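These are the residues of each chain, in order.
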Amino acid sequence: MIKVEDVYFTYPSGIEALKGISLTIKDGEFIAIMGQNGAGKTTLIKQFNGLLKPTKGEILVDDVNTKNTSVAKLAQNVGFVFQNPDNQLFCETVEEEVAFALKNFGFKETTLKKRVTWALNLLGLTEYRKTSPFMLSGGERKRVALASVLAWNPKVVVMDEPTIGQDYQQKEKLRQFIIQLNMQGKTVVVVTHDVEFVADCNPRVILMSQGKIVADDIGKRVLTDIDRLTQASIVPPQITQIFMGLTDFGLPVDVIDIYKAREILQKRLGEK
Amino acid sequence: MSVFDGLKFRRVTSPIHLLDPRIKFLYVCSIFVVAIIFWELLPLIILFLVQIPFVLLARVQKEWIRSLRGAAFLATIIFGTNIIFRFLYAGYTLTLQDIEYASAMTLRFVVLVESFSIFFLTTSPDHLGLALEQSHVPYEFCFAFTTAVRFVPVLADEAQTIMDAQKARGLELEKGNFLKRIRNYIPILIPLIISAIRRSLELAEAMESRAWGAIEKRTNLYVLQIRRADYLLTLISILIIIVCIYIRFYVPVPSFSDFWGL
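Criteria and thresholds
- Residues numbered from 1 in each chain as written.
- Chains lettered and ligands numbered in written order.
- Predicted model: local features only at pLDDT ≥ 70, side-chain atom pairs only at ≥ 80, totals over all residues.
- Helix = DSSP H or I, 4+ residues; strand = E, 2+ residues; numbered from the N terminus.
- Rg over C-alpha atoms; globule rule 2.2 N^0.38 Å.
- Buried ≥ 20, exposed ≤ 12 C-beta atoms within 10 Å, placed from the backbone.
- Contact = placed C-beta atoms within 7 Å.
- Pairing = 2+ DSSP bridges.
- Axes fitted to C-alpha atoms, helices over the stretch in contact; angles between N-to-C directions.
- Domains from an automatic or database assignment.
- Core = buried A, V, L, I, M, F, W, Y, C linked by C-beta atoms within 7 Å.
- Nonpolar A, V, L, I, M, F, W, Y, C, P; charged D, E, K, R; others polar.

A. Examining the overall build of chain A more closely. Of regular secondary structure, chain A possesses 11 helices and 10 strands. Against the compact-globule benchmark of 19 Å for 272 residues, chain A has a radius of gyration of 20 Å, which places it among compact chains. Taken along its principal axes, the extent of the C-alpha atoms in chain A is 65 × 45 × 30 Å. Buried positions account for 43% of the 272 residues belonging to chain A. Within chain A, residue pairs in contact and separated by at least 24 positions form 62% of the contacts whose partners lie at least 6 positions apart.

B. Looking closely at the interface of chain A and chain B. In this assembly, 18 residues from chain A lie in contact with 15 residues from chain B. Secondary-structure elements contributing two or more residues to the side of chain A that touches chain B are α2 (71–75), α3 (94–104) and α5 (138–150) of chain A.

C. Representation of the sheet that holds strand β2 (residues 16–25) of chain A in the model. Residues and elements named next belong to chain A. With respect to topology, four strands assemble into an open sheet ordered β2-β1-β4-β5, the strand pairing being antiparallel. One side of each edge strand has no neighbouring strand; the edge strands of this open sheet are β2 and β5 (64–65). Running at roughly 55° to β2, helix α1 (residues 41–48) makes contact with β1 (2–10), β2 and β4 (56–61) of the sheet.

D. Fine view of the domain arrangement of chain B. As assigned here, chain B comprises domain 1 (2–123 + 226–259) and domain 2 (136–209). Between the C-alpha centres of domain 1 of chain B and domain 2 of chain B there is a distance of 32 Å.

E. Examining the nonpolar core more closely. Membership of the largest hydrophobic core comes to 83 residues, with the highest contact counts inside it found for Ile33(A), Val81(A), Ala147(A), Ala151(A), Val158(A), Val189(A) and Val198(A). Those residues in contact with Val198(A) that sit more than four places away from it in its chain are Ala32(A), Met34(A), Thr192(A), Pro203(A), Val205(A), Gly219(A) and Leu223(A). Counting 27 residues, the second-largest nonpolar core is a separate cluster that includes Leu19(B), Val34(B), Val110(B) and Leu121(B).

F. The domain arrangement of chain A, seen in detail. Residues and elements named next belong to chain A. Under the domain assignment used here, chain A contains domain 1 (1–70 + 187–235) and domain 2 (237–272). Tallying the contact residues gives nine residues for domain 1 and six residues for domain 2. Where the side of domain 1 that touches domain 2 is concerned, the elements lending two or more residues are α7 (195–201) and α8 (219–222). Among the elements that line the side of domain 1 that touches domain 2, the one with the most residues is α7, at four residues. Tallied by class, residues from the side of domain 1 that touches domain 2 come to three nonpolar, three polar and three charged.

G. Spatial organisation of the sheet that holds strand β9 (residues 204–209) of chain A. Residue and element names in this part refer to chain A. Here we have six strands laid out as an open sheet, ordered β6-β7-β8-β3-β9-β10, and mixed in their pairing. Each edge of the open sheet is held by one strand with a lone partner, namely β6 (78–81) and β10 (212–218). Here the strands of the sheet are splayed against their neighbours by 15° on average, with no regard to which way each runs. As paired elements, strand β3 (residues 30–34) and strand β8 (residues 187–191) share four bridges and run parallel to each other. Each bridged residue has a counterpart across the sheet, and for Ile33 the counterpart in β8 is Val191. Packed on one face of the sheet, α5 meets β6 and β7 (156–160) and runs near 170° to β6.

H. Broad picture of the pairing of β2(A). Residues and elements named next belong to chain A. Taken together, the seven bridges between β1 and β2 define a ladder with antiparallel strand orientation. Among the inter-strand pairings, Lys3 is bridged to a residue of β2, identified as Thr24. Where β1 folds back on β2, the antiparallel hairpin that results is connected by five residues, among which Gly14 adopts a positive phi of roughly 100°.

The following block contains the structure:
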């Protein structure tokens, strides 16, 4: 469980990025953090594994205060996947890359091997085991980065913009993968701009604007709340926009995914 | 890293910022020469104080003080080593002259930092490139130089992100003995170098698609011109050198310990 209590954060340059954030993330929850650039999303998630420490207020990860705990210690529970995989890949083979964190955490050789095999298999990278990560495509590099974090099986997985630069098919695979992870009991926190992606996953959505939380509710309610979305410079999903434009025909406005939309429309068309 | 902050250009308009960078460089060189030819405390103190009006005129006090603060660490080391070696050399005794000498050496370093910091704080990378170009350095070299200077903050940002990414995977930079600590930086350096190479290739492509190097003879939108203030500064710089060299050869420089009759 991650508990954020009235957290303020100011960068050394003087920019106040977080202004009084409070929230609780329970074990096994699936959360999407949304908001425009500079809203403080990345600053907030970097507090979860201690990369940044609050200027005021405190953060408790499983009742451990992040203030006096090292990143290496916190990271064992909170895995963090960065936006750009090129910011972390450096080994000669994919296998070594995935093993890097495990070595840092002091896993035994036999466990380490098992974990690497497991993680590579999980993300469909087994055939690239001995390939250099720099020879892989963008989507594959991203998967290597993800595997290198999932390898130590952290309780919480935090992902910064996982869908950026991925083609549609990759994105759909990633979505299914994330949902699967969450169903297996992992806490998943995703920072993203991609409304369609969030609408399809239907997680709890936290909307941020200028360092504050403006909405914190189930996806269906946040993504159809026009006032708040505008405040955070976010446009509702396309399917919601269609339904909002058709209220004159008596269609509901709180539809965010195509499956539900298809169901409603089928019923409607069948009536006539 | 605060030393580097003190060398980063700030865009303000002031009489000092408007000076021709070539002339400013001449001034910095003359200060440099003077700081090297004196090893007594008094002239170095004067040299230190003489530059303060320049800082105030350029309105870069804050950044200037930051650069001095950054230099404090090295200055302490210089002072310490001077004292220690004088102490050992003189057979385990320390006189006031020794302290004065160590202070002078430290102040010499501070004066050098001070003048370079004034130069870099008040000269934009563009002007610097322009100055090189008008001094007939080939354009390719000038461009490479200005680009390198401009990308330093970008690379610093990137290094921070990479450090965060590796720390999130359990890397502890401060762990282990000296050799291990150096090895700890490999996971930071490799991604940084690769992304710098990638970035430079992208930059080259972007530049070529915007017709870089299409014409042999380039013209400049801005051309550096020597103005009246520049002539004045040239005169001052030359005078400083002449006067100081004269003093060095013909006038005995008093030391503080003589003053106090020690």
